[in-house]
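# Reading the structure
The chain contents come next:
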Amino acid sequence: MTPTRSETNNLLLRLWRNQESRAVIIQIVTMAVLFVFIALIARNIVINLAAVGKEFSFNFLMWPAAYDITFSPFIEYTNQSTHLRAATVGALNTLLVAFFGIILASILGFTLGILRLSSNWLVNRIAYVFLEFMRNVPVLIHILALYSLIVVLLPPAKKAINIGDGTFFLSNRGFYVPSPVFESGAGIVGVVLIIAIVCVILFKRWAKKVQNETGKIYPVFWISTAVIVGTTGIAFLATGMPLSWDIPVLKGFNFKGGMALKPEFLALWLALSYYTACFIAEIVRAGILAVSHGQTEAARAMGLRPNRTLQLIVIPQAL
């Protein structure tokens, strides 16, 4: 039976009077109006672009970029490459800076967080001043200042600072290091390394289970190190050491060969790392202070040394 007009009106009225239903209706109407507004703007853009002979598409991604990117370690790039390749290079560079930045910032932040709680007054104050100053200065200023110091203070390529007897070179063009050249058999070494890491992870879980059930503690770190280094080293020797190094050499006004960490990368990496580390340090400090002091007293009552108390009791709970 088809509902009458009055019944439909009563149903809509009841829905409107219900608070939850009214809230949903208002949100639906608001989103509909928003989408209509966006559609009108897009239509207006398409009409205006068509009027001047332009089209609304992503074909420009295939056009030559016509600008240089000085740091492209993963894929080859020139100023005649497409905008799409330039965007890919930028995304890969961002991921590279983020990857190494997360590692360095985590290490620095954890260390500074521990130093902030040091009983040594001088160490505590130095860490406090560093943290308070660095995190209250905009990160862009850190990046620009560090980049300026690298470019201005470091010598040119012909007078580069020689580190490691002609292996590493530091100049205002960047930090030049040997790059690895993998030969036949390197894949086998990589597979052995992965297997060793998986075995170490399984062993660590087993050792933790045994410790929880029986209290027996295995030297997990040293056993894990021996397994990874030993098995990988044996595989490396057995395959005929399938690894060589491309050493950077000064030719003309710059270095050739090897791998270069450009000043822009160094400035971004170091500035973002120690700036973020300041915030991580405060989080670590707060986490440690949140652990009840009774935990420390109980550990001391059991005869644990301060460093073992920090390692086994305080830090795991703080993390």
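Quick note: structure is the one above.
Residues numbered from 1 in each chain as written. Predicted model: local features only at pLDDT ≥ 70, side-chain atom pairs only at ≥ 80, totals over all residues. Heavy atoms only, no water.

## Focus: the packing of helix H5 (residues 139-153) against helix H8 (residues 263-290)
- Where H5 contacts H8, the two axes come as close as 8 Å, and the packing angle between them is 135 degrees. Between H5 and H8, the angle is such that the two are oblique. Note that H5 runs across H8; the crossing there is right-handed. Facing H5, whose interface residues are Val139, His142, Ile143, Leu146, Tyr147, Ile150 and Val151, H8 presents Pro263, Glu264, Leu266, Ala267, Leu268, Leu270, Ala271, Leu272, Tyr274 and Tyr275.
- Along the lines of polarity and charge, the residues of the contact of H5 with H8 split into 15 nonpolar, 1 polar and 1 charged. (Axes fitted to C-alpha atoms, helices over the stretch in contact; angles between N-to-C directions. Helix = DSSP H or I, 4+ residues; strand = E, 2+ residues; numbered from the N terminus. Parallel < 35°, antiparallel > 145°, perpendicular 65-115°, else oblique. Left-handed = near helix turned anticlockwise from the far one by under 90°. Contact = heavy atoms within 4.5 Å. Nonpolar A, V, L, I, M, F, W, Y, C, P; charged D, E, K, R; others polar.)

## Brief notes about the nonpolar core
- One finds Leu131, Leu146, Ile150, Phe265, Leu266, Ala271 and Tyr274 to be the most contacted residues of the largest nonpolar core, which totals 18 residues.
- Among the secondary structure elements, those contributing two or more residues to this core are helix H3 (83-116), helix H4 (121-135), H5 and H8.
- No other element matches H8, which puts 7 residues into this core.
- Apart from the residues lying within four places of it in its own chain, the contact partners of leucine 131 are Leu112, Arg116, Cys278, Ala281 and Glu282.
- Within the second largest apolar cluster, 6 residues are counted, among which are Ala157, Phe169, Tyr176 and Phe255. (Core = buried A, V, L, I, M, F, W, Y, C linked by side-chain atoms within 4.5 Å. Buried < 20%, exposed > 50% of the residue type's maximum accessible area, 1.4 Å probe, protein only.)

## Comments concerning the sheet that holds strand S2 (residues 168-171)
- Strands sit in the order S1-S2-S3-S8 across an open sheet of 4 strands; the sheet is antiparallel. Each of the sheet's edge strands pairs with one partner strand only, and the pair in question is strand S1 (161-163) and strand S8 (259-261). Sheet twist, expressed as the average angle between the axes of neighbouring strands with direction ignored, equals 20 degrees.
- Bridge count between strand S3 (residues 174-177) and S8: 3 bridges; the pairing is antiparallel. Within the sheet, the bridge partner assigned to phenylalanine 175 lies in S8 and is leucine 261. (Pairing = 2+ DSSP bridges.)

## Details of the pattern of salt bridges
- Within this structure, the stated rule accounts for 3 salt bridges.
- We note a salt bridge from arginine 135 to glutamate 132, for which the minimum N-O separation is 3.0 Å. Taken as a pair, arginine 135 and glutamate 132 lie in helix H4 at a separation of 3 residues, close to a single helical turn.
- The exposure class of arginine 135 is partly exposed, given its relative accessible area of 24%.
- Glutamate 132 gets classed as partly exposed once you look at its relative accessible area, which sits at 25%. (Salt bridge = Lys/Arg side-chain N within 4 Å of Asp/Glu carboxyl O.)

## Description of unusual backbone geometry
- One non-glycine residue, alanine 66, adopts positive backbone phi at about 65 degrees.
- Assignment of secondary structure puts alanine 66 in the loop between helix H2 (19-51) and H3.
- Positive phi, close to 50 degrees, is recorded for methionine 241, a residue that is not glycine.
- Within the secondary structure, methionine 241 sits in the loop between helix H7 (220-238) and strand S5 (243-246).

## Let's talk about the packing of aromatic side chains
- The full count for this structure, using the stated rule, is 13 aromatic pairs.
- Plain terms: the ring middles of tyrosine 275 and phenylalanine 279 are 5.3 Å apart, the flat faces sit at 70 degrees to each other, and that makes the pair edge-to-face. In this pair, tyrosine 275 and phenylalanine 279 both sit in helix H8, 4 residues apart, roughly one turn of the helix.
- Chaining the aromatic ring pairs together yields one cluster made of Phe99, Phe100, Phe265 and Trp269.
- Taking the ring centre of tyrosine 128 as reference, the NZ or CZ of arginine 125 above it sits at 4.8 Å. (Phe/Tyr/Trp six-rings, centres within 6.5 Å; stacked < 30°, edge-to-face > 60°. Lys NZ or Arg CZ within 6 Å of the ring centre and 35° of its normal.)

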